[in-house]
Amino acid sequence: MIQLKSAREIEIMARGGQILAAAVRLAETDTRAGMSTLDVDRMIEEFIRSHEGALPSFKGLYGFPASVCASINEEIVHGIPSAKRVIRDGDIVSIDVGVLLEGYHTDAATTVAVGNVGAESLRLLDVTRKALAAGIAAAQPDNHVGDIGAAVQEVVERAGFNVTRDLVGHGIGTTFHEDPQVPNYGKPKRGVKLTAGLTIAIEPMVMIGSHKTRQLPDQWTVVTVDKSRAAHFEHTVAITAQGPRVLTQLAA
Ligand code: MG
């Protein structure tokens, strides 16, 4: 069931979104070679909890043990932070985070290039960022969920990369995953109609090679079957009468 939000609810999410945006910025500036993914998790969790009333959404969600998902190189999403998993120079690290504030969740992700990253990986990050921007631009009232997916898919496939079919964006609010699903592929004018008050996480997951995925035996980490690298960028967006409002980017 789709839960439309009032202006008041969207303002709460915008406040949580500012904390989340700052957490994502911290991940981008302070993730370094030699840190473990657990170090990143602790840094982000501590930052979120330093804001009164804010909690990391992921901790305990479906039993997930940490505050961020940290997914390196061919890992697409849902990597479990570990002291044994050390980030190396040349890695790309996707960090997915959620914040719960006053009963409302927001969700965002970034992919960090650590040290000397190859040109193809940098292009992957650039294209995925642009795909997210295109998806957000399509999140207009009276458009449909399919317009978002089509916009994302167009940017990605024009660049010669692929979007995941197995993982989708989602509605978000008092529950972390709400309706509707927001696929990263699709056809314009198809699917649920976008209306003011809808709050969704738009999250392209893009791979250099095949879109096929598999889950590791840890029951969480999703990797590309062909071991090609993948990137993930995400924002929580409110559909308003004036157009999309990104709730998880730092206010200028
Ligand atoms: Mg999400």
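See the structure shown above.
Below you will find a few notes about this structure. (Residues numbered from 1 in each chain as written. Predicted model: local features only at pLDDT ≥ 70, side-chain atom pairs only at ≥ 80, totals over all residues. Heavy atoms only, no water.)

**Things to note about the pairing of strand β15 (residues 243–246)**
Now for step 1: Relative to β15, strand β14 (residues 235–240) runs antiparallel, the two being bridged by four bridges. When the bridges of β15 are listed, T240 appears paired with G243.
Now for step 2: Counting the residues between successive antiparallel strands, the hairpin from β14 to β15 contains two residues. (Pairing = 2+ DSSP bridges. Helix = DSSP H or I, 4+ residues; strand = E, 2+ residues; numbered from the N terminus.)

**Section: the pattern of salt bridges**
Now for step 1: Across all of its chains, the model carries 11 salt bridges by this definition.
Now for step 2: The shortest N-O distance in the salt bridge between E178 and K5 comes to 2.6 Å. Separated by 173 residues along the polypeptide, E178 in strand β8 (residues 178–182) and K5 in the segment before α1 (7–30) bring together distant segments of the chain. Exposure class is identical for E178 and K5. Each is buried.
Now for step 3: Across the pair E75 and R85 runs a salt bridge whose closest N-O atoms are separated by 2.5 Å. In this pair, E75 is assigned in strand β3 (residues 75–77) and R85 in the loop between β3 and β4 (92–101), connecting sequence segments 10 residues apart.
Now for step 4: By relative accessible area, E75 is classed as buried at 8%.
Now for step 5: Linked by salt bridges that have partners in common, E45, R49 and K59 make up one network. (Salt bridge = Lys/Arg side-chain N within 4 Å of Asp/Glu carboxyl O. Buried < 20%, exposed > 50% of the residue type's maximum accessible area, 1.4 Å probe, protein only.)

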